[in-house]
Amino acid sequence: MGGSVSSTLNAASCCAGTGSVYGSTNGTEQAPKNYNTERQVLLKDRSHERQAVASLSRMFETGSGINLYEGDALRALTTLAKSDVHQLQLSAATAFSEVSAYDVRAISGEAISTVLGLLESSHADVQQGAGAALGNLASNMENKRLIVEKGGLQHLVRQMMSANSDAQANAAGCITNLAADAELKTAVAHSGALVPLVRLAGSGNLRVQRNAAGALLNMTHTAEHRRLLVKAGAVAPLVVLLKAIDSDTRYYAVTALSNVAADASGREVVWINEPTLVDQLIEMMSAAPIRTQAQATLALRNLASDSRFQTYVVLRGAAPALLSLLRSPHPALVSAAAACLRNLSIDAANESPIIAAGLLPPLTALISGNDRDVQCHALATLRNLAANGGPNKQALLDAGLFDHLRAALSVPQCPAQVSCEIAAALSVFAATPELWLPIVEQGLCRNLVRLLRSSNKDTEYNACLALRALATKRMPEVFEELMHLWVVRAEPHAGLRAYILGVLTMPEYSRSSIRSIALWLVMALLGCVRVDLRKRIVADCQLMAAVEDITRARVACSSLSSPSPSSDTCSVASSAFSPAELIAVDKGKSVDDHHMAASMSGDSTIAPGLGSPKEADCEEEASFHTWSLARQVVALLHREPTAC
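Residues numbered from 1 in each chain as written. Predicted model: local features only at pLDDT ≥ 70, side-chain atom pairs only at ≥ 80, totals over all residues. Heavy atoms only, no water.

### Some details on the overall build of the chain
Okay, step 1: Looking only at helices and strands, one finds 39 helices and zero strands in the chain.
Okay, step 2: When contacts within the chain are restricted to residue pairs at least 6 apart in sequence, those whose partners lie at least 24 apart make up 74%. (Helix = DSSP H or I, 4+ residues; strand = E, 2+ residues; numbered from the N terminus. Contact = heavy atoms within 4.5 Å.)

### Some remarks on the packing of helix α5 (residues 86-100) against helix α7 (residues 124-137)
Okay, step 1: Direction vectors running N to C along α5 and α7 enclose 25°, while the axes themselves pass 8 Å from each other. As summarised for this structure, α5 and α7 are arranged roughly parallel, according to the angle between their axes. Like other packed secondary-structure pairs, α5 and α7 cross with a definite hand, here left-handed. Residue-level contacts link His-86, Gln-89, Leu-90, Ala-93, Phe-96, Ser-97 and Ser-100 of α5 to Asp-125, Val-126, Gly-129, Ala-130, Ala-132, Ala-133, Asn-136 and Leu-137 of α7. (Axes fitted to C-alpha atoms, helices over the stretch in contact; angles between N-to-C directions. Parallel < 35°, antiparallel > 145°, perpendicular 65-115°, else oblique. Left-handed = near helix turned anticlockwise from the far one by under 90°.)

### Side note on the nonpolar core
Note that soluble globular proteins tend to have their nonpolar side chains buried in a common cluster.
Okay, step 1: Judged by nonpolar contacts, the single largest core of 200 residues is most densely connected at Leu-426, Phe-429 and Ile-439.
Okay, step 2: The biggest single contributor to this core is helix α34 (residues 512-526), with 11 residues.
Okay, step 3: The contact partners of Phe-429, leaving out residues within four places of it in the chain, are Leu-382, Arg-383, Ala-386, Leu-401, Phe-402, Leu-405, Leu-435, Trp-436 and Ile-439. (Core = buried A, V, L, I, M, F, W, Y, C linked by side-chain atoms within 4.5 Å. Buried < 20%, exposed > 50% of the residue type's maximum accessible area, 1.4 Å probe, protein only.)

### Focus on the packing of helix α18 (residues 277-284) against helix α19 (residues 290-303)
Okay, step 1: The geometry of α18 relative to α19 is characterised by a closest axis approach of 8 Å and an angle of 145° between their N-to-C directions. Crossing handedness for the pair α18 and α19: left-handed. Between α18, through Leu-277, Val-278, Leu-281, Ile-282 and Met-284, and α19, the contact on the second element is made entirely by Thr-292, Gln-293, Ala-296, Ala-299, Leu-300 and Leu-303.
Okay, step 2: Across the contact of α18 with α19, the residue classes tally to nine nonpolar, two polar and no charged. (Nonpolar A, V, L, I, M, F, W, Y, C, P; charged D, E, K, R; others polar.)

### Re the environment of Leu-382
Okay, step 1: One can find Leu-382 in helix α25 (residues 372-387).
Okay, step 2: Taking C-alpha positions, Leu-382 is 8.0 Å from Leu-396, a pair spaced 14 residues apart along the chain.
Okay, step 3: Beyond its immediate sequence surroundings of up to four residues, Leu-382 is in contact with Leu-360, Leu-363, Thr-364, Ile-367, Leu-396, Leu-401 and Phe-429.

### So, helix α28 (residues 416-429)
Okay, step 1: Over its 14 residues, α28 extends 20 Å from the first C-alpha to the last, a length consistent with the 20 Å expected when each residue adds 1.5 Å.
Okay, step 2: Summarising burial for α28: 12 of the 14 residues are buried, a large majority.
Okay, step 3: Of all the residues in α28, the buried ones are Val-418, Ser-419, Cys-420, Glu-421, Ile-422, Ala-423, Ala-424, Ala-425, Leu-426, Ser-427, Val-428 and Phe-429. (Expected span 1.5 Å × (residues − 1).)

### Considering the pattern of salt bridges
Two side chains that carry opposite charge are able to pair once their charged atoms sit near each other.
Okay, step 1: Taken as a whole and assessed by the stated rule, the structure comprises 19 salt bridges.
Okay, step 2: With a closest N to O distance of 2.9 Å, Asp-279 and Arg-316 form a salt bridge. With Asp-279 in helix α18 and Arg-316 in the loop between α20 (307-315) and α21 (318-326), the pair connects residues that are 37 residues apart, well separated along the chain.
Okay, step 3: Judged by relative accessible area, Arg-316 falls into the partly exposed class, the value being 41%. (Salt bridge = Lys/Arg side-chain N within 4 Å of Asp/Glu carboxyl O.)

### Some remarks on the packing of aromatic side chains
Here a ring pair, both rings aromatic, is described through the centre-centre distance and the interplanar angle of the planes.
Okay, step 1: Applying the stated rule across the entire model yields four aromatic pairs.
Okay, step 2: With 5.8 Å between their ring centres and 70° between their planes, Phe-402 and Phe-429 make a pair best called edge-to-face. Of this pair, Phe-402 sits in helix α27 (residues 401-409) while Phe-429 sits in helix α28, and the two are 27 residues apart along the sequence. Like Phe-402, the residue Phe-429 is buried in the burial classification.
Okay, step 3: Taken together, the aromatic side chains of Trp-271, Phe-309 and Tyr-312 make up a single cluster linked through ring pairs.
Okay, step 4: Arg-468 extends its terminal NZ or CZ atom over the ring of Trp-520, reaching a point 5.2 Å from the ring centre. (Phe/Tyr/Trp six-rings, centres within 6.5 Å; stacked < 30°, edge-to-face > 60°. Lys NZ or Arg CZ within 6 Å of the ring centre and 35° of its normal.)

### So, unusual backbone geometry
Okay, step 1: For the bond from Ala-288 to Pro-289, the omega torsion is 5°, close enough to zero to count as cis.
Okay, step 2: Here Pro-289 lies in the loop between α18 and α19.
Okay, step 3: Even without glycine at this site, Arg-474 takes up a positive phi of about 55°.

### Brief notes about helix α6 (residues 109-118)
Okay, step 1: In terms of burial, α6 is largely enclosed, as seven of its 10 residues are buried.
Okay, step 2: Within the span of α6, buried status applies to Gly-109, Ala-111, Ile-112, Thr-114, Val-115, Leu-116 and Leu-118.
Okay, step 3: The secondary structure elements touched by the buried residues of α6 are α4 (71-81), α5, α7, α8 (141-149) and α9 (152-160).

Purely spatial values, then, with no claim about function.
This is the structure we're talking about:
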């Protein structure tokens, strides 16, 4: 630092001593207009400026460790900053710029105000130095907030509208740092900065491009700010920047677009105005660096939350690129590809192209991997393919689907989120004609019974749904397996019977949907051809009493209006809890499920809303279904001669 600042101080010392005014931006002295004007300048008292220069010179001569942000040094720099002499202003700006490059600490509001004042200089080089200093200081959390409190955003917006590219780049860089603070994003959004940033993203200056793209990226982490960016026209210049020379700029642009694609409004603009974006993203999936490949893939994943893009992305040739990424040694690329396939697989039209591209073998292998996010994406993709109803289910078996499922379940402590996805997948496979038998043959029913005890309610629900789907097949292989699992001698409280009894004795209105599925399972077991299994159920007085209690509790609850018991409640209940309906809900994507890149600041989170009266009505309806099913189970129990 010492060399540059010292040289400017030496020049400033001359200016403070003679009163010479430098009026150009390139540091060359201008000839006085006339002798009298120059004489007036010379006679003007600049003792306070001379003292400030002398004080700073002595500080730099003594060596390192100078703190320019407080005390005598700050007072001297403030004096120079307020001078009308160009060289004195430049000395202050240079000092702040060079010191802040390595000394970024929390500083006072007075120091921030001094730097902001230099941005108002009429000299471009002073503005540049002050802008660089402010950008450096804005990497400190406390300084960011002081900059905004002192009105810094207005100064920066004016700098972005300057014709000087260095001033533009420094201002955009400072806003990039400010926008990394979640609490300041709104202030940035409402400062008038978005439109200038969008304009600068189209600059021909590489540094301006990069800083503008970084600032736009940092403004894409909340839905409201993404909406404002789309309204400001940010999508078009970001698409253009995908072909930028600078690799950082390309990365910022593709990540920002990925986040914008998390919203329906952003996807709509892309669909209408950017027909080449999908092709560019597919091309970027095969181009280094790795982080850009991953973000391009995740951008396609977010676009594929929209049904229009799901088929279009595959039609444009994404499958071969995804296959390459699934085989990559880089976890980030594998994860991005698996996440993208999860959304693409929602559309039934993509089932055949995905299988034809050879994606199933590497995809099924990911199930038994050790990256839980990748495992979940792979499981969800395979579940979607199975639910699509296409003719390619044998391909799932040939890819070793159930071998990898068994391997994943054999892990001593299978992660909770993976277990949840496995249970959801098995609930679909159990309802699929070509896929239910391997569940029984591979001994996965035992795993389903174990998953019933999960603390995760979704895992429990889907495991119960899978067992119910298997039981409704009414096949000897299923009933043989469930007979062995009805009571586990080694763990009496871990068997299927203990679970069902526990569910049926839950309080009224406590998760009626899971109780309904449990009753469906009991009904299916009572309809089996295995007399010994039916006898074990009907001779279970505790189980029978629990079912009868449900019917009595509903009758006693006169405040609830119910459809007539004579209505076809079996078909209603079947519709309400059918696997197909659950699949459709699960495959839907909410904003929370989109990849929100956080390369320059943290992920956004969306708080769940409170329950609505509509949800309460659904619970009441589910309770009625439970009561109706309980009545039917009681009727079946009393038909058996050995009933309690």
